[in-house]
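# Overview (structure and organization)
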Amino acid sequence: MDTQQERKFRRFNFEHLVHVRFLSGNAKAEVDAVTRNISLGGLLLESDCLIPDRCPVEFIITLRGGLISRPVKLTGAGQVVRVQPGEAADKFAIAVACSQPITQLELPLTVRAAEFFRFHTPADG
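For the structure given in this document, a descriptive report is provided here.

Reading the values: the criteria
- Residues numbered from 1 in each chain as written.
- Predicted model: local features only at pLDDT ≥ 70, side-chain atom pairs only at ≥ 80, totals over all residues.
- Heavy atoms only, no water.
- Helix = DSSP H or I, 4+ residues; strand = E, 2+ residues; numbered from the N terminus.
- Buried < 20%, exposed > 50% of the residue type's maximum accessible area, 1.4 Å probe, protein only.
- Contact = heavy atoms within 4.5 Å.
- Pairing = 2+ DSSP bridges.
- Polar contact = N/O pair within 3.5 Å; in protein donor to acceptor, adjacent residues only side chain to side chain.
- Core = buried A, V, L, I, M, F, W, Y, C linked by side-chain atoms within 4.5 Å.

Looking only at helices and strands, one finds two helices and eight strands in the chain. Listing each helix as α and each strand as β along the chain from the N terminus yields α-β-β-β-β-β-β-β-β-α. For the chain, the proportion of its 125 residues judged to be buried stands at 29%. The long-range fraction of contacts in the chain, counting pairs at least 24 apart against all pairs at least 6 apart in sequence, stands at 52%.

This is the structure:
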C-alpha cells in the first residue's frame, strides 16, 4: 500500500521552531528542532539531536513573523514513531504521532491584561 494512502490526515509543509522535551535514560532532555510538516495526527521534525524511537515527547511550536504581531505558541504531546537520517548528514528526521490535539498555549491573565491596556488606553496629549 502507498504511504500516502496509509495516512489518516493530510500533511502541510510547515517550517517553524519547536522546543521538544523528553526523557533520556533517567534525565530530562530538551532540544530545539524545526518542524518540516504537520497534520492533525502528528508532525515531522528535523533535529541535530537523536530522540529515541517510541519515546514520549512534549513540544512547543513558536509561530512568528508575517502577519503575526507577537509570537504564538502551540503545545502538544505524543510519541516518536519513526527516526531516520535527515536531509543533511548531521540531522535526524523524527516523526511524532500526537496523543492529544495541538493547542494554543494561553498567556497568563496578567500578560493578557497588560497587552489589553497597552492597546486600549487613550493617547496622551
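Turning next to the pairing of strand E7 (residues 92-98). In terms of burial, E7 is a largely internal element, five of the seven residues being buried. Note that strand E4 (residues 42-47) and E7 share six bridges and pair antiparallel. When the sheet's bridge partners are listed, Gly42 is paired in E7 with Ala97.

Okay, the side chain of Ser47 next. With respect to the helices and strands, the residue Ser47 is situated in strand E4. Within the structure, the side chain of Ser47 is placed 2.9 Å from the backbone nitrogen of Cys49, a separation counted as a polar contact. Beyond its immediate chain neighbours, meaning those up to four positions away, Ser47 contacts Val31, Asp32, Ala33, Asp90, Lys91, Phe92 and Ile94.

This paragraph deals with the environment of Asn13. Here Asn13 shows up in strand E1 (residues 12-13). In this structure Asn13 comes out as exposed when scored by relative accessible area, which is 75%. In the structure, Asn13 is positioned 23 residues away from Arg36 in sequence and 6.1 Å away in space, judged by C-alpha atoms. In this view, Asn13 contacts Arg36 and Asn37; residues no more than four positions away in its chain are not counted.

With 21 residues, the main nonpolar core has Val20, Ile51 and Ile61 as its most contacted residues. When contributions to this core are tallied by element, the ones reaching two or more residues are strand E2 (17-24), strand E3 (27-38), E4, strand E5 (56-65), strand E6 (68-85) and E7. Every residue in contact with Val20, bar those within four places of it in the chain, is listed here: Ala29, Glu30, Val31, Leu45, Ile51, Val57, Glu58 and Phe59.

What follows deals with the environment of Gly41. As for its position among the elements, Gly41 is in the loop between E3 and E4. The class for Gly41 is partly exposed, based on a relative accessible area of 24%. For the pair Gly41 and Lys8, spaced 33 residues apart in the sequence, the C-alpha separation amounts to 7.5 Å. Each residue touching Gly41, except ones within four places of it in the same chain, is listed here: Phe9, Val96, Ala97 and Cys98.

In short, shape yes, function no, at least from these values alone.
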